[in-house]
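# Observations on chain architecture
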Amino acid sequence: MHEYRIAAIPGDGIGVEVIAAGLKVLEVLAGRDRSFKLKVEHFPWSSDYYLKHGHYIPEGGLEQLKQFDAIFFGAVGSPKVPDHISLWGLRLPICQGFDQYANVRPARVLPGIKSPLRNGEAIDWVVIRENSEGEYSGSGGRAHRGLPEEVATETSVFTRAGVTRIHRYAFELARSRPRKHLTLVTKSNAQRHGMVMWDEIFYEVAKQYPDVETRRVLVDAVTTQMVLKPQTLDTLVATNLHADILSDLAAALSGSLGIAPTANLNPERKFPSMFEPIHGSAFDITGKGIANPVATFWTASLMLAHLGEKDAAQRLMRAIEAVTGKRIHTPDLGGEATTEIVTEAVCDSL
Ligand code: GGG
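Everything quoted here is computed from the prediction, not taken from an experiment. Note on numbering: residues in each chain are counted from 1, in written sequence order. Residues qualify for local features only when their pLDDT is at least 70, as the model is predicted, and side-chain atom pairs are given and counted only at 80 or more; totals for whole chains, interfaces and linings, by contrast, use all residues. For the side-chain quantities, the full set of heavy atoms in the structure was used; hydrogens and water were omitted.

The terminal C-alpha atoms of helix α5 (residues 160-176), which comprises 17 residues, lie 24 Å apart, in line with the 24 Å expected from a rise of 1.5 Å per residue. Any residue under 20% of the maximum accessible area for its type is buried, any over 50% is exposed, and the rest in between are partly exposed; the area is computed with a 1.4 Å probe on protein chains only. Helix and strand definitions follow DSSP, with helices as H or I runs of at least four residues and strands as E runs of at least two, each counted in order from the N terminus. Turning to α5, its buried residues are G162, V163, T164, I166, H167, Y169, A170, F171, L173 and A174. By this rule the span expected of a helix is its residue count minus one, scaled by 1.5 Å.

Shown next as C-alpha cells:
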C-alpha cells in the first residue's frame, strides 16, 4: 500500500473550514479503499501567523515542503493584511518557488447544479493558466510616492521557455480529451510584443500536434463566447492574469465559485504540486459553517489523480456528483445545507 505525504496549509478564512472538510473526506476514502494511505502534516502559515511572526513562510519553509508528495492548500487573504502582501507572502512563493507553471482549472456543470446559462450543460472546459511569469512576474516598481509625479510600472515578462512549456502542456492536455480542441487566448491586437510572441510560439508548438484542432480568440471576445456559445470551447490556454479572470467566469457559469477546483502543477515532478479550491478566503462567510466544500473535494480528486490514484479520484468524483445530484447544496448554490451536511453526505456516499 502506498503512503503519500501531504502538506496541508489551510491558510485564511474559509480555507480552514474547507480543508478540514477535504481531509475528512480523504480519510474516509483512504479507509474504504485500503489501496493507499495519506500522512498529513499541518502547516499553520496564514495571515494571523504573519501578523504574529512577520512572515507567512518561515526560513527553510520551502525546503520543508519539498519533502511532501503534494500540498493541499485552502486560501490566503485577510482584511487585516493588504492583499498583495498576503498573496506574495504565501501562495505565489510556493507556486513560483516550486515551478508550478501549469495551473489547471476544469469547469463543468455538476449534476443537480444549475448554470445561469440557458445551455450551461455544454460547459466542459479546462482553462490552463500559465502560472510562473507574465503579469505575475513581480517586475516593476514605484517612485516619487505620494507626489503628483508619482509613477508605477507593472511589467509583464514572457519568456520563450515559459511560453513554450505552457503551450506544450496545453496541447498534451487537449490531445488527451475527447474533442482534441485547443483555444489560444491572448490580446495580441493591442499588446504587440509579449502577446504576439505567445501567438507565434503557439503555432510553432502546434506543428507537433496535427491531431489537435486549434482556434485563436482574443480575451475580450472569448468572454462572450463562453457566455453565448459555450459548446464551441473545450481546452483554453491563456496567460496568468487572463486565465485567472476567465476561470472565475467559468466557475460562475458552472453554478458557483464554490465548486471550482485547481491544480498548480510542476509537470516534471521535480517539486511537489499544489492543489487548492479557486475561491479565496471569503471573510464575509467565515465561521458561519456555510462554505461550499465541493471545490475542495473536487480539488482533492485532482490531487489523487496526480498522485496516481486514478480509481480513488474517480470514486471521489462520483460521490461528489451523487451529493450535488441530490441537491444537498450550500447557500451559494441556492440551498440551505451547511459545510458539515455536505461533507457528511459525501462521506456517506463513499
Ligand atoms: N485558493 C485561492 C486563493 O487563496 N486565492 C488567493 C488570491 O488572491 N489569488 C489570486 C491569484 O492567485 O491570482
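What follows picks up the thread again.
Attention shifts here to the packing of aromatic side chains. For Phe, Tyr and Trp, where Trp contributes only its six-membered ring, two rings pair if their centres lie within 6.5 Å, and the inter-plane angle classes them as stacked under 30 degrees, edge-to-face over 60, or tilted in between. Taken as a whole and judged by the stated rule, the model has 9 aromatic pairs. Ring plane angle 80 degrees and centroid distance 5.6 Å describe the contact between F43 and F68, whose orientation is recorded as edge-to-face. Of this pair, F43 sits in the loop between β2 (36-42) and α2 (47-53) while F68 sits in the loop between α3 (61-65) and β3 (70-75), placing them 25 residues apart in sequence. The pair F43 / F68 is uniform in exposure class, with both members buried. On the basis of an interplanar angle of 10 degrees and a centroid distance of 5.5 Å, the ring pair of F98 and F271 is categorised as stacked. Of the two residues, F98 sits in the loop between α4 (83-97) and β4 (102-108) while F271 sits in the loop between β11 (261-265) and β12 (273-277), which places them 173 residues apart along the sequence. What makes F271 buried here is its relative accessible area of 19%. Each member of the aromatic cluster is reached from another via a ring pair, and the members are F171, F202, Y203 and Y209.

Okay, the packing of α5 against helix α6 (residues 194-206) next. Close contact between α5 and α6 brings their axes to 9 Å; oriented N to C, the two are set at 50 degrees. In terms of orientation, α5 lies oblique with respect to α6. Once α5 is placed against α6, the crossing between them reads as right-handed. Taking contact as the criterion, the partners of R160, V163, T164, I166, H167, R168 and F171 in α5 are, on α6, M197, W198, I201, F202, E204, V205 and A206. Among the residues forming the contact of α5 with α6, the class breakdown is 9 nonpolar, 2 polar and 3 charged. Every axis corresponds to a line fitted to the C-alpha atoms, with the helix fit spanning only the stretch in contact, and the corresponding angles, defined between N-to-C directions, vary from 0 to 180 degrees. For classification purposes, an angle smaller than 35 degrees is called roughly parallel, one larger than 145 roughly antiparallel, one from 65 to 115 roughly perpendicular, and anything else oblique. Less than a right angle of anticlockwise turn of the near helix away from the far helix marks a crossing as left-handed, whereas a clockwise turn marks it as right-handed. For this analysis, residues touch if any pair of their heavy atoms sits within 4.5 Å. Gly counts as polar in this scheme, as do all residues outside two lists: the nonpolar Ala, Val, Leu, Ile, Met, Phe, Trp, Tyr, Cys and Pro, and the charged Asp, Glu, Lys and Arg.

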